[in-house]
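If you want the building blocks of each chain, they are given just below.
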Amino acid sequence: MTAARSAPHTWLHLPANHPFGIAHLPYGAFAPPGDPRTRVGVRIGDAVLDLVGAAVQLDPRLVPLIEGDNLDRLLAAGPETWAATRAAVAGWLTDGEARPIVEAHLFELAAVRLELPFTVADYVDFYSSEHHARNLGRILRPGQEELPPNWLHLPVGYHGRAGTVVVSGTDVTRPSGQRRTADGEVVFGPTTRLDIEAEVGYVVGVPSPLGSPVPLGAFADHVFGICLVNDWSARDIQGWEYQPLGPFLGKSFATSVSAWVTPLAALDAAWVAPPPRDPRPLPYLDDADAAPTGLDLRLKVRLNGHSVARPPFAQMYWTGAQQLAHLTVNGASLRTGDLFASGTVSGPEPGERGSFIELSWNGAEPITLPDGQVRTFLEDGDEVVITATAPAPDGAVIGLGEVRGRIVPAH
Ligand code: CA
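Residues numbered from 1 in each chain as written. Predicted model: local features only at pLDDT ≥ 70, side-chain atom pairs only at ≥ 80, totals over all residues. Heavy atoms only, no water.

## Section: the overall build of the protein chain
- Looking only at helices and strands, the protein chain features 10 helices and 26 strands.
- In terms of overall dimensions, the protein chain is globule-like: its C-alpha atoms have a radius of gyration of 21 Å, near the 22 Å expected for 411 residues.
- Projected onto the principal axes, the alpha-carbon positions of the protein chain cover approximately 70 × 50 × 40 Å.
- Across the 411 residues of the protein chain, 54% fall into the buried class.
- With an accessible surface of roughly 17,300 Å², the protein chain has 54% of that area assigned to carbon and sulfur atoms.
- Here the protein chain holds 30 positive side-chain charges and 46 negative ones, and the gap between their average locations is 2 Å. (Helix = DSSP H or I, 4+ residues; strand = E, 2+ residues; numbered from the N terminus. Rg over C-alpha atoms; globule rule 2.2 N^0.38 Å. Buried < 20%, exposed > 50% of the residue type's maximum accessible area, 1.4 Å probe, protein only. Areas by Shrake-Rupley, 256 points an atom, 1.4 Å probe, with all protein chains shown as cover. Lys, Arg positive; Asp, Glu negative; His and termini not counted. Charge placed at Lys NZ, Arg CZ, Asp CG, Glu CD.)

Structure representation (structure tokens):
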């Protein structure tokens, strides 16, 4: 979280405001056309740089740290290697002498196959938007306290299913399960209330030993970067199964992540103070005197090409650093590839809600798209795309990798 610096000039002919310009340089895993081997790539503009291919010729010392079919080795290597790798790539893209070699390892984005960028170790999902939590309280527990009694004291979360985290672009099969009808009958079948949750995910690089909590100030020693997350949710399955142990099959059928991981180093200009907390959190969560760990990300949710919500991430009550401190405070260890997600991002305005249970107020207020389609929850064939922007140095804006998914009928 150093001071924002001016981005160097690249020899690539990119518009100054390109969301994947030299100030961004997110990482992913890809296979070039005609080659099944997946390798680490860096996105620049609308191209993908084969990182190992370029490093073999330009900086062989990096090769052992970035070879393999995804980001796992780079994630484990830690902040010094992350910074050195990023500096090397930025150098290659600005140094005219490196240009012929780099160009030989650039592939058109549209021509490559994008894969899951890292092996997901453990997956944790939080519930850290106060606006989302209050909306759900109003919808599900009308007339009662909007927030559960613990909510303002700790980042509520649960452990999810790492093995069903899928990369953006993967179709999502409508899940089937038990639900209870309005008449009280228990039936089995495809969910009738399939929803999204627009979230931001944090990708852990450096592990921690069992028994050693990770304090607030160590966030950047462990977390490599962020991605976008769609935590698909079957509200009817969830609503019947979740008491007393929380989300289970209503969530675990699929969680989509963006193909690109934006390193924290690209977010120097995006840190903001989170909203004031009342009551003051316990010391292990108290960030009042720390550098700000909120992020000024502006999310956008599109359904079938139409914008339906613009959730503001800067308003999240609990930050990623607090979530990490909380999920390890009992001594639980971190593993390389751990993914923890923010929880649905919702702002105070109706157009800022990151789920359809909120946008349609549990189905009571259907939304009409500009082309006349009406929705409460998702129908087969619907496609949801979540994007986000973040401030970059010099007033520029970067765009996080999108997370896209289309609903296909239940088996
Ligand atoms: Ca969620």
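## Digging into the side chain of aspartate 125
- With respect to the secondary-structure elements, aspartate 125 resides in strand E6 (residues 123-126).
- Although buried, aspartate 125 forms no salt bridge, and the nearest oppositely charged side chain, lysine 251, lies 4.9 Å from it.
- When near neighbours in sequence (up to four residues on either side) are disregarded, aspartate 125 contacts Val156, Gly157, Tyr158, Glu197, Glu199, Asp231, Ala341, Ser342 and Gly343. (Salt bridge = Lys/Arg side-chain N within 4 Å of Asp/Glu carboxyl O. Contact = heavy atoms within 4.5 Å.)

## Things to note about the side chain of serine 342
- Looking at the secondary structure, you find serine 342 in the loop between strand E22 (339-341) and helix H10 (356-359).
- For serine 342, a relative accessible area of 1% corresponds to the buried category.
- Non-local contacts of serine 342, meaning those with residues more than four positions away in its chain, are made with Asp125, Phe126, Tyr127, Ser128, Glu199, Val200, Phe313, Met316 and Gln323.

## Points about helix H6 (residues 130-140)
- Restricting attention to buried positions, one finds in H6 the residues His132, Ala133, Asn135, Leu136, Gly137 and Ile139.
- Contacts from the buried residues of H6 go to H10.

## Looking at the packing of aromatic side chains
- Enumeration according to the criterion identifies nine aromatic pairs in this entry.
- Centroid distance tryptophan 151 to tyrosine 317: 5.3 Å. Interplanar angle 55 degrees. Geometry classified as tilted. With tryptophan 151 in the loop between H6 and strand E7 (157-159) and tyrosine 317 in the loop between strand E21 (306-309) and helix H9 (320-328), this residue pair connects regions lying 166 residues apart in the sequence.
- Note on tryptophan 151: relative accessible area 0%, which makes it buried.
- A residue is classified by how much of its surface remains accessible, and tyrosine 317, at 3% relative accessible area, is buried. (Phe/Tyr/Trp six-rings, centres within 6.5 Å; stacked < 30°, edge-to-face > 60°.)

## Regarding empty space enclosed by the protein
- Within this structure, the stated rule accounts for one cavity of 30 Å³ or more.
- What lines the largest cavity is simply Tyr202, Thr293, Gly294, Leu295, Phe313, Ala314, Met316, Trp318, Thr319, Gly320, Gln323 and Ser342.
- Those elements that place two or more of their residues in the lining of the largest cavity are strand E19 (294-295) and H9.
- Per-class residue counts for the lining of the largest cavity are six nonpolar, six polar and no charged. (1 Å grid on protein atoms, 1.4 Å probe; cavity = no way out; pocket = protein on both sides within 12 Å on 5 of 7 lines; lining within 4 Å. Points joined across faces, edges and corners; volume = space filled by probe spheres on them. Nonpolar A, V, L, I, M, F, W, Y, C, P; charged D, E, K, R; others polar.)

## Description of the sheet that holds strand E2 (residues 39-44)
- As summarised here, the arrangement of the five strands in space is E4-E3-E2-E1-E5, forming an open sheet in which the pairing is antiparallel. Taken across any chain shown, the strands that pair with only one partner, and hence form the sheet edges, are strand E4 (106-108) and strand E5 (113-115). Ignoring strand direction, the axes of neighbouring strands in this sheet form an average angle of 45 degrees.
- Here strand E1 (residues 27-31) runs beside E2; their pairing, made up of four bridges, is antiparallel. By the bridge assignment for E2, glycine 28 is matched with glycine 41.
- Sheet strands touched by helix H1 (residues 51-58): E1, E2 and strand E3 (47-50). Its angle to E3, the strand with the most contacts, is close to 50 degrees.
- Where helix H4 (residues 79-94) meets the sheet, its contacts fall on E1, E2 and E3, and the angle it forms with E1 comes to roughly 65 degrees. (Pairing = 2+ DSSP bridges. Axes fitted to C-alpha atoms, helices over the stretch in contact; angles between N-to-C directions.)

## Details of the coordination of the calcium ion
- Coordination of the calcium ion by the protein is provided by Asp125 (OD), Glu197 (OE), Glu199 (OE) and Asp231 (OD), with metal-donor distances spanning 2.1 to 2.3 Å.
- Sequence positions of the residues that donate to the calcium ion give the spacing D-x71-E-x1-E-x31-D. Of this pair, aspartate 125 sits in strand E6 while glutamate 199 sits in strand E13 (residues 198-204), and the two are 74 residues apart along the sequence. Each member of the pair, aspartate 125 together with glutamate 199, is buried. (Donors = N, O, S within 2.8 Å, 3.2 Å for Na, K, Ca; no water.)

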